[in-house]
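Each chain, written out:
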Amino acid sequence: MTNSEIAFMALAEELNFTRAAERIFMSQQGLSDHIKRLEAEYDTQLVTRRPEVTLTDSGAVVYNMLLTKKVMELDVHRMIADINHGNIGDVRIGISSSRTGIFTGKIISRFYELHPKIHLNIVSGMTASLMQMLYEGKLDFVIGVNPPQIKGLHIEQLFDDKLYIAVPKHIAVERTGNAECVDIRSYQDLPFIRDLQESNLGYELDRFLAKQNISLNTIINSNDYNEKAELCVVLDAAMFCTKTFTCSMARKSLGEKLQILEIDGLNYSVTVCLITSGQRAYPKCVTDMIEISRDSIRQFYDENIVSNQM
């Protein structure tokens, strides 16, 4: 990429001349000169400078094209390195916060049997944020839930993950005995530990609760399922969780302390997806990791969810 293109991308991402100039170790005057040079080249205004820095429509088009160019250049270097040197390099994976501890162990162990010298970078977070990183070339693929549609990204649905409520076992026995499906009103007075409010899961649950005219006492918001489960035990609180989490939790001590219950009237599931870029060229280590992830997740589903439904 040219210096002018690098300068413009920094400004487009920072939307501030001072921060952009500092980021690429350039004076503000030098940055401004590069932006003007690029505007002259394309014969269009790329940014508005007052009252605040924003991209024009033309600027947004140029930024997206330059982002694609940047990612392609990085991919070319990785592909050439793979051809010349073989089993080296890195793989960058994004995994939604609620799935990090469930799938990663088996995926990583299988991957290192094939590529013991590859370095793995695993980023945990909200699916939408991880997808933006994938779009920007900062990740190779994402294992996420309920992903939004983003042009250029391919979404492969792997399975639907049903939603449950988890409460301390002694409370479940006192209130609903051996019932496997309960009315959420039986537990609405408990303190609740819920997902962050901006999550799709939180939005769907709020819709369900509003229809039931129920208001929950949410005391903590977190997307770390293991943390939430531990807090439920300590605080005699309740949480919502998915089937995959209950399967992983059953092998831990927490599974002996929490009761997992279906919620009457709630048929909502989150969709676990594998998200890749349709515009990327991946080295073999990445394509192998994608295939291993797909196969491992489907195997987990067959062994832990389908088998438990029979």
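Keep in mind it's a predicted model, so treat the numbers as computed, not measured.

A. The arrangement of the overall build of the chain in detail. Assigned secondary structure in the chain consists of eleven helices and twelve strands. Seen through its principal axes, the chain has C-alpha atoms that stretch 75 × 50 × 30 Å. Looking at the chain as a whole, 46% of its 310 residues qualify as buried. Taken as two groups, the 32 positive and 40 negative side-chain charges of the chain have centres that lie 1 Å from each other.

B. Representation of the packing of helix α1 (residues 3–14) against helix α3 (residues 28–42) in the model. Two elements in contact, α1 and α3, have axes separated by 8 Å at closest approach and are oriented at 105°. Between α1 and α3, the angle falls in the class roughly perpendicular. When α1 is examined against α3, the residues Asn3, Ser4, Glu5, Ala7, Phe8 and Leu11 are found in contact with a partner set consisting of Leu31, His34, Ile35, Arg37 and Leu38.

C. Quick look at empty space enclosed by the protein. Tallied over the full model, the rule gives three cavities of 30 Å³ or more. In this structure, the largest cavity encloses a volume near 110 Å³. Around the largest cavity sit Leu67, Thr68, Val71, Leu134, Tyr135, Lys151, Gly152, Leu153, Ser277, Gln279 and Arg280, which together line it. Within the lining of the largest cavity, the residues separate by chemical class into five nonpolar, four polar and two charged. Of the volumes computed, that of the second largest cavity is approximately 40 Å³. For the second largest cavity, the full set of lining residues is Ile93, Ile95, Thr104, Ile107, Ile108, Ile122, Ile143 and Ser293. Mapped onto the lining of the second largest cavity, the elements with two or more residues apiece are β3 (90–96) and α5 (100–114). Broken down by element, the residue count for the lining of the second largest cavity peaks at three residues, all from α5. Residue composition of the lining of the second largest cavity, by class: six nonpolar, two polar and no charged.

D. Region of interest: the pattern of salt bridges. Per the stated rule, a full pass over the model turns up 18 salt bridges. Lysine 69 is paired through a salt bridge with glutamate 5; the nearest N and O atoms lie 3.0 Å apart. Placement of the pair is lysine 69 in helix α4 (residues 57–85) and glutamate 5 in helix α1, with a sequence separation of 64 residues. Measuring nitrogen to oxygen at the nearest pair gives 3.2 Å for the salt bridge that ties arginine 23 to glutamate 14. Owing to a relative accessible area of 37%, arginine 23 belongs among the partly exposed residues under this scheme. Glutamate 14 gets classed as partly exposed once you look at its relative accessible area, which sits at 23%. One connected set of salt bridges, linked through shared partners, spans Glu13, Glu14, Arg19 and Arg23.

E. Highlighting the environment of threonine 242. Considering the arrangement of structural elements, one finds threonine 242 in strand β10 (residues 238–242). Dropping the residues within four chain positions of it, threonine 242 is found in contact with Arg99, Asp161, Lys162, Leu163, Tyr164, Tyr225 and Val270. At 3.2 Å, the side chain of threonine 242 forms a polar contact with the side chain of threonine 244.

Reading the values: the criteria
Residues numbered from 1 in each chain as written. Predicted model: local features only at pLDDT ≥ 70, side-chain atom pairs only at ≥ 80, totals over all residues. Heavy atoms only, no water. Helix = DSSP H or I, 4+ residues; strand = E, 2+ residues; numbered from the N terminus. Buried < 20%, exposed > 50% of the residue type's maximum accessible area, 1.4 Å probe, protein only. Lys, Arg positive; Asp, Glu negative; His and termini not counted. Charge placed at Lys NZ, Arg CZ, Asp CG, Glu CD. Axes fitted to C-alpha atoms, helices over the stretch in contact; angles between N-to-C directions. Parallel < 35°, antiparallel > 145°, perpendicular 65-115°, else oblique. Contact = heavy atoms within 4.5 Å. 1 Å grid on protein atoms, 1.4 Å probe; cavity = no way out; pocket = protein on both sides within 12 Å on 5 of 7 lines; lining within 4 Å. Points joined across faces, edges and corners; volume = space filled by probe spheres on them. Nonpolar A, V, L, I, M, F, W, Y, C, P; charged D, E, K, R; others polar. Salt bridge = Lys/Arg side-chain N within 4 Å of Asp/Glu carboxyl O. Polar contact = N/O pair within 3.5 Å; in protein donor to acceptor, adjacent residues only side chain to side chain.

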